[in-house]
Amino acid sequence: MSISHVVSPGRRVADALLESVLEQHRALEEALDAVPGSIEPRDKAAGHRIAAAVLRRLGSLDAVMEPFLRRSPPAPALRALRIGAAELLLLGTPPHAAVSAAVSLVPRPLAGLVNAVLRRVAEHGARALEELDAERLDTPTWLWTSWHAAHGAAVRAIAASHRQEALLDLSLKPGAAPPEGATLLPTGTARMPAGTRITELPGFAAGELWAQDAAAALPARLLAVKPGELVADLCAAPGGKTAQLAAAGARVIAVEREASRMPRLRENMARLKLTPDLVNSDVIGWKPEALFDAILLDAPCTATGTIRRHPDVPHLKRAKDVAVLAAQQRNLLVAASRLLKPGGRLVFATCSLQAEEGEAHLAHIPEGLRLDPIRDEELPGIGATGAGHLRTRPDLWSAEGGMDGFFAMRLVRA
């Protein structure tokens, strides 16, 4: 019998996802979308769960296995070892099943190695895992250093929050009732348990709700659009913020540079029965017919604030990416400022924990704009910083399940 017949489909998916992220430097969601359609959804979900567990705890898993390895194993064996260790130590898979499944992932010459190491992990790994400094091991050094500089002692709580799977957060159309079992957060987000299938919620097919982290919903809230206002959502896909603005009654033009992201933006607006104008264009150089009452710019960034939901981010981003993206953000901010009518307001946001992509932009406010300080009462349960901007972190609201890391500032044209 060939190897492909004895490997469970879910573990085969996990192996492919880890190869894509760690060896080909491909985003996890992109790799997941490339999984063949012949794979059952439950196997695809199982593979994603295993791969995400490995990515969240990669440093710790490797540290547990290190004493049992004489040298770094070949890539196929290393992937199988990480999958097996994650199942043994993090996912509660029975030892026999976890070990035999991992062995079945590798060619026969590597089977003995995988079997021997994982049997040692099954015997000694749980105790070893408890003794590790998981926060440091599971966080790349450059991220730890930058977060410590930006957020001080909170760096450890930030890193700890990344070990937990994020809950499902929902934004609701005005007047829509939260789904049964939801917890309504102070900012209006409805929160469901992790693993909830959004497509099975009654309000999904009816177009009454969409997935959006509680922190991601705040920038549009801060823009406070009024019915009939002409509003631009720049860098709009996949459309959560566009939906917020359109559902509030604004006349919305949603601009997205990447043509590949436009179909999903259109599909989401169609399901939600919202009709913003969708434009495929680069914001820099885009010339609309009229200036805007309000603009939302959620700029492309390193996305280090979304690691709870995207555990591949620490393995794909590098320190050098921060300066490049921060410069792009400044250029986008200048371009957006030129599209604002006198008295108009602009909310600039990034889903990053890096100060260069957040607080540093307070020193680069475009000419003709001024900071409009955010007030505590606009952010119930969160509050603004003393400098009048928004800063969320994944360790905030930890008892309620946390939130993404976001920076936002509100500007007004004189």
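Residues numbered from 1 in each chain as written. Predicted model: local features only at pLDDT ≥ 70, side-chain atom pairs only at ≥ 80, totals over all residues. Heavy atoms only, no water.

### What to know about the UniProt feature "domain: SAM-dependent MTase RsmB/NOP-type" (unreviewed entry) in the chain
Here is step 1 of the chain: If you check UniProt for "domain: SAM-dependent MTase RsmB/NOP-type" (unreviewed entry), the listed places come out as residues 143-414 in our numbering.
Here is step 2 of the chain: Helix and strand shares over residues 143-414 are 25% and 22% respectively, and the end C-alpha atoms of the span are 38 Å apart. (UniProt positions renumbered as here; feature names shortened; annotations may be inferred. Helix = DSSP H or I, 4+ residues; strand = E, 2+ residues; numbered from the N terminus.)

### Some points on the sheet that holds strand 4 (residues 209-211)
Here is step 1 of the chain: Within the open sheet, the 4 strands sit side by side as 2-3-1-4. Their pairing is antiparallel. Of all strands in the sheet, those bounded by a partner on one side alone are strand 2 (183-184) and strand 4.
Here is step 2 of the chain: As paired elements, strand 2 and strand 3 (residues 190-192) share 2 bridges and run antiparallel to each other. Note that in strand 3 the partner of L184 across the bridge is A190. (Pairing = 2+ DSSP bridges.)

### Observations regarding unusual backbone geometry
Here is step 1 of the chain: Cis peptide bonds are those with omega within 30 degrees of zero, and the linkage from A237 to P238 qualifies with 5 degrees.
Here is step 2 of the chain: Relative to the helices and strands, P238 resides in the loop between strand 5 (230-234) and helix 14 (240-247).
Here is step 3 of the chain: Residues other than glycine seldom take positive phi values, yet A224 does so here, at roughly 50 degrees.
Here is step 4 of the chain: Positionally, A224 belongs in the loop between helix 13 (218-223) and strand 5.

### Digging into the environment of C301
Here is step 1 of the chain: Mapping C301 onto the fold places it in the loop between strand 8 (292-298) and helix 16 (313-316).
Here is step 2 of the chain: Every residue in contact with C301, bar those within four places of it in the chain, is listed here: K317, L325, Q329, T350, C351, S352 and E357. (Contact = heavy atoms within 4.5 Å.)

### Some remarks on the environment of S398
Here is step 1 of the chain: With respect to the element layout, S398 can be found in the loop between strand 11 (390-392) and strand 12 (406-413).
Here is step 2 of the chain: The exposed category is assigned to S398, whose relative accessible area is 56%. (Buried < 20%, exposed > 50% of the residue type's maximum accessible area, 1.4 Å probe, protein only.)

### A short note on the domain arrangement of the chain
Here is step 1 of the chain: Under the domain assignment used here, the chain contains domain 1 (9-137) and domain 2 (168-413).
Here is step 2 of the chain: A separation of 34 Å is found between the C-alpha centroids of domain 1 and domain 2.
Here is step 3 of the chain: Domain 1 puts 11 residues into the contact, and the matching count from domain 2 is 7 residues.
Here is step 4 of the chain: Put simply, domain 1 and domain 2 have 0 salt bridges between them.
Here is step 5 of the chain: Summed over the shared surface of domain 1 and domain 2, the result is 3 residue pairs in polar contact (both at pLDDT 80 or more).
Here is step 6 of the chain: When contributions to the side of domain 1 that touches domain 2 are tallied by element, the ones reaching two or more residues are helix 2 (9-23), helix 3 (28-33) and helix 4 (41-56).
Here is step 7 of the chain: For the side of domain 1 that touches domain 2, the element with the highest residue contribution is helix 4, accounting for 3 residues.
Here is step 8 of the chain: Of the residues that constitute the side of domain 1 that touches domain 2, the class distribution is 7 nonpolar, 1 polar and 3 charged. (Domains from an automatic or database assignment. Salt bridge = Lys/Arg side-chain N within 4 Å of Asp/Glu carboxyl O. Polar contact = N/O pair within 3.5 Å; in protein donor to acceptor, adjacent residues only side chain to side chain. Nonpolar A, V, L, I, M, F, W, Y, C, P; charged D, E, K, R; others polar.)

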